[in-house]
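Coordinate analysis (summary)
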Amino acid sequence: MAIRKVRELGDPVLNKKSRVVEEMTPRIRELIDDMFDTMYEADGVGLAAPQVGVLKRIVAIDVGDGPLLMINPEILESRDTQTGSEGCLSVPGKAGVVTRPNFVRAKYCDENMEWVEIEGTELLARAICHEVDHLNGIMYVEKVEGELYDVVDEEEEDV
């Protein structure tokens with residue numbers, strides 16, 4: 001397990017569509033472990049494989065309910081809306097206001113490549129939509145209402 005370099009806005013890999021994962025392999029398992037390590041190290045709530053330079057349809061999410069691995073995720077239904085501040089590990093130090101669905105139902109493969117369905121609201125719905133966008137080469141900055149603004153790290157505030 002290792003911390004991988006997070007690609008930042010402007011890196012062309014972030015604007016490419018990811019490929020479907022056909023089977024679980026040792027390399028895919030290592031990527032998944034590294035993605036969770038990288039996400040937790042950066043205090044993120046989500047990370048998509050393209051953010052670490054791998055064009056595979058894999059997403060790691062943890063909104064506080066424990067780790068959620070989504071392989072080949074597809075949003076089946078979305079409804080209602082929420083508007084709020086959103087950031088991204090690929091756009092460090094910045095955030096912006098984005099409107100997203102407040103409810104999503106999605107399907108994905110788990111670590112055994114078995115299909116699972118999930119329903120999420122609020123932050124989980126936002127995270128699923130944000131990360132699935134990454135798999136399709138879409139950055140949240142394309143959806144920001146208004147301008148990006150600087151985010152001050154809480155640790156920096158205490159200094």
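Here, the structure is the one placed above.
Residues numbered from 1 in each chain as written. Predicted model: local features only at pLDDT ≥ 70, side-chain atom pairs only at ≥ 80, totals over all residues. Heavy atoms only, no water.

This part takes up helix α1 (residues 26-41). Under the 1.5 Å per step criterion, the end-to-end length of α1 is 22 Å for 16 residues, consistent within 8% with the ideal 22 Å. Where α1 is buried, its residues contact β1 (46-48), β2 (58-61) and β3 (68-87). Directly beyond the C-terminal end of α1, a positive phi value near 60 degrees is found at Asp43. (Helix = DSSP H or I, 4+ residues; strand = E, 2+ residues; numbered from the N terminus. Expected span 1.5 Å × (residues − 1). Contact = heavy atoms within 4.5 Å.)

This next bit is on the pattern of salt bridges. Per the counting criterion, the structure on display carries ten salt bridges. Its salt-bridge partner being Arg7, residue Asp11 comes within 3.1 Å of it at the nearest N-O pair. The class for Arg7 is partly exposed, based on a relative accessible area of 27%. Of the charged contacts in the structure, one is a salt bridge between Glu77 and Arg105, with a shortest N-O distance of 3.2 Å. (Salt bridge = Lys/Arg side-chain N within 4 Å of Asp/Glu carboxyl O. Buried < 20%, exposed > 50% of the residue type's maximum accessible area, 1.4 Å probe, protein only.)

So, on to helix α2 (residues 122-135). Along an α-helix, residues three or four apart share an orientation, since each turn contains 3.6 residues. Between its first and last C-alpha atoms α2 spans 20 Å; for 14 residues at 1.5 Å apiece the expected length is 20 Å, and the two agree. Its buried side turned inward, α2 meets β1, β2, β3, β4 (94-109) and β5 (115-121). With its phi angle positive at about 80 degrees, Gly137 sits one or two positions after the end of α2.

For the rest of this paragraph, the subject is the pairing of β3. Relative to β3, β2 runs antiparallel, the two sharing four bridges. Across the sheet, Val59 pairs through a bridge with Met70, a residue of β3. Following β2, the chain reverses through six residues before pairing antiparallel with β3; Gly64 in that reversal takes a positive phi of roughly 110 degrees. Here β3 pairs with β4 via 13 bridges, running antiparallel. The partner of Arg79 across the bridge, within β4, is Phe103. Linking two consecutive strands that pair antiparallel, namely β3 and β4, is a turn of six residues; a positive phi of about 80 degrees is found at Gly93 within it. (Pairing = 2+ DSSP bridges.)

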